[in-house]
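Spelled out from the first residue to the last, the chains are:
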Protein chains: 2
Amino acid sequence: MFHPATADLSLPSVMHALSDPVRLAIVAQLAAAGSDPCGDVDVDLHKSTISHHYRVLREAGVTVTTVEGRTRIVRLRREDLDTRFPGLLDAVLRAVQN
Amino acid sequence: MFHPATADLSLPSVMHALSDPVRLAIVAQLAAAGSDPCGDVDVDLHKSTISHHYRVLREAGVTVTTVEGRTRIVRLRREDLDTRFPGLLDAVLRAVQN
DNA sequence: TTGACGGTTGCACGATCATCAAACCATAAA
DNA sequence: TTTATGGTTTGATGATCGTGCAACCGTCAA
């Protein structure tokens, strides 16, 4: 399960990860809930598709996934993102609430 | 030459427009220079490719293009972007300077 | 009026992407 | 040990994307 180091976070990758409506919904929900089991997203898609979106977010460095028993806990990498790209995540979170 | 209304700016479209390294370079240069003839980007690509990137930025609402004689002047839509997505462009501009 | 200049448009090509389906893999419960 | 649960992985498919090439178009200068 790959997670990029904070120093390796790339702006194009992060922007791309945050350019899909489904992933923006996931991120918004993570911001509201703090953390999230993988399956708890409120979106009507096949579970493999959701898994794919979680992977894109994780590999871009937007989220961190930890294994807890047989569920995956997903969290936003708020501090890491703010270190590399100050204010970016906050602006996106503010924007995503229309 | 299509430009979306401010109210129609969509977060996924703007994020997507700002997820490509070439377009980020264009935007950074626009931010530094204020405005820009289309051909002045410092990037080694075919002119039709550059034109394509300008179109993506314009149609997402990131830039506005005006015709001035036989050159196109491209400008960032700073105020419009800040109205819809406060702080987003600033965060991206800060992030793009590594 | 002819030509050069700055850009756009149309087409094509390979790469990437979002989605689904089916198989698989751990872990926990029966 | 068997079964169910939560999620990943591996194709496959259609759509979109980034790029280059060639042709085109409007404007300005000879």
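Residues numbered from 1 in each chain as written. Chains lettered and ligands numbered in written order. Predicted model: local features only at pLDDT ≥ 70, side-chain atom pairs only at ≥ 80, totals over all residues. Heavy atoms only, no water.

Colleague: Looking at this structure, I do not really get the interface of chain B and chain A. What am I missing?
Modeller: Accessible area lost when the parts come together is the quantity often used to give the size of an interface. Taken together, the contacts link 17 residues of chain B with 17 residues of chain A. Run the count over chain B and chain A and you get zero salt bridges. Where chain B touches chain A, the interface holds two residue pairs in polar contact (both at pLDDT 80 or more). Those elements that place two or more of their residues in the side of chain B that touches chain A are helix H1 (11-17), helix H2 (21-33) and helix H5 (88-96) of chain B. Top element by residues in the side of chain B that touches chain A is H5 of chain B. It accounts for six residues. Grouping the amino acids of the side of chain B that touches chain A by side-chain chemistry returns 13 nonpolar, three polar and one charged. (Contact = heavy atoms within 4.5 Å. Salt bridge = Lys/Arg side-chain N within 4 Å of Asp/Glu carboxyl O. Polar contact = N/O pair within 3.5 Å; in protein donor to acceptor, adjacent residues only side chain to side chain. Helix = DSSP H or I, 4+ residues; strand = E, 2+ residues; numbered from the N terminus. Nonpolar A, V, L, I, M, F, W, Y, C, P; charged D, E, K, R; others polar.)

Colleague: Can you walk me through the protein's contact with DNA strand D in this structure?
Modeller: In the vicinity of DNA strand D, 20 residues are found, and the nearest of them are Lys47 and Ser51 of chain A together with Arg23, Ser48 and His53 of chain B. Expressed as a percentage, the sugar and phosphate content of the atoms of DNA strand D within 4 Å of the protein is 62%. Taking His52 of chain B, its side chain carries an N or O atom lying 3.2 Å from a phosphate oxygen of DNA strand D. At 3.5 Å from a base oxygen of DNA strand D is found a side-chain nitrogen or oxygen belonging to Arg70 of chain B. Taken together, the elements giving at least two residues each to the surface near DNA strand D come down to helix H3 (47-60) and strand S3 (71-76) of chain A together with helix H3 (47-60) of chain B. It is H3 of chain B that provides the largest number of residues to the surface near DNA strand D, a total of four residues. (Near = heavy atom within 4 Å.)

Colleague: Honestly, the environment of Leu45 of chain B in this entry has me stumped. Any pointers?
Modeller: All names here are of chain B. Looking at where Leu45 falls in the secondary structure, it is placed in the loop between strand S1 (35-37) and H3. Spatially, the C-alpha atom of Leu45 lies 14 Å from that of Asp20, the residues being 25 residues apart in sequence. Beyond its immediate stretch of four places on either side in the chain, Leu45 contacts Val22, Ile50 and His53.

Colleague: Explain empty space enclosed by the protein here, please?
Modeller: Take a probe with the size of a water molecule and roll it over the atoms, and the empty space left behind shows itself. Residue and element names in this part refer to chain A. Inspection of the entire model under this criterion finds one cavity of 30 Å³ or more. For the largest cavity, the full set of lining residues is Val14, Leu18, Leu81, Phe85, Leu88 and Leu89. Its residues assigned to classes, the lining of the largest cavity shows six nonpolar, no polar and no charged. (1 Å grid on protein atoms, 1.4 Å probe; cavity = no way out; pocket = protein on both sides within 12 Å on 5 of 7 lines; lining within 4 Å. Points joined across faces, edges and corners; volume = space filled by probe spheres on them.)

Colleague: So what exactly am I meant to see when it comes to the relation of the copies chain B and chain A here?
Modeller: The relation between the two copies of this chain is a rotation about an axis and a shift parallel to it. Laying chain B over chain A is done by rotating through 180° and shifting 0.0 Å along the axis; what remains is an RMSD of 0.0 Å. Put plainly, the chains are arranged around a two-fold axis. Interface residue correspondence from chain B to chain A reaches 100%, placing this contact among same-surface, isologous pairings. (Least-squares fit on C-alpha atoms with pLDDT ≥ 70 in both.)

Colleague: Could you clarify how one ought to interpret the packing of H2 of chain B against H5 of chain B in this entry?
Modeller: Packed helix pairs are specified by the crossing angle of their axes together with the interaxial distance, meaning the distance between the axes. Residues and elements named next belong to chain B. Orientation of H2 relative to H5, taken along the N-to-C sense of each, is 105°, at an axis distance of 10 Å. Compared by their axis directions, H2 and H5 come out roughly perpendicular. For the pair H2 and H5, the contacting residues are Leu24, Val27, Ala28 and Ala31 in the first and Leu89, Val92, Leu93 and Val96 in the second. Split by residue class, the contact of H2 with H5 holds eight nonpolar, no polar and no charged. (Axes fitted to C-alpha atoms, helices over the stretch in contact; angles between N-to-C directions. Parallel < 35°, antiparallel > 145°, perpendicular 65-115°, else oblique.)

Colleague: Can you help me understand the side chain of Arg77 of chain B in this one?
Modeller: Residue and element names in this part refer to chain B. By secondary structure assignment, the location of Arg77 is in the loop between strand S3 (71-76) and helix H4 (78-84). Exposure remark for Arg77: the relative accessible area of 10% places this residue in the buried category. A distance of 3.0 Å separates polar atoms of two side chains, one belonging to Arg77 and the other to Asp80. For Arg77, the residues in contact, after removing those within four places along its chain, are His3, Pro4, Ala5, Thr6, Leu9, Gly61, Val62, Thr63 and Val64. (Buried < 20%, exposed > 50% of the residue type's maximum accessible area, 1.4 Å probe, protein only.)

Colleague: What exactly am I supposed to notice about the nonpolar core here?
Modeller: Within soluble globular proteins, side chains that are nonpolar generally end up buried alongside one another. Judged by nonpolar contacts, the single largest core of 57 residues is most densely connected at Leu11, Leu18, Val62 and Leu88 of chain A together with Leu18, Val62 and Leu88 of chain B. The biggest single contributor to this core is H5 of chain B, with seven residues. Excluding its chain neighbours within four sequence positions, the residues that come into contact with Val62 of chain B are Val14, Ala17, Leu18, Val27, Leu57, Arg75, Leu76, Arg77 and Leu81 of chain B. (Core = buried A, V, L, I, M, F, W, Y, C linked by side-chain atoms within 4.5 Å.)

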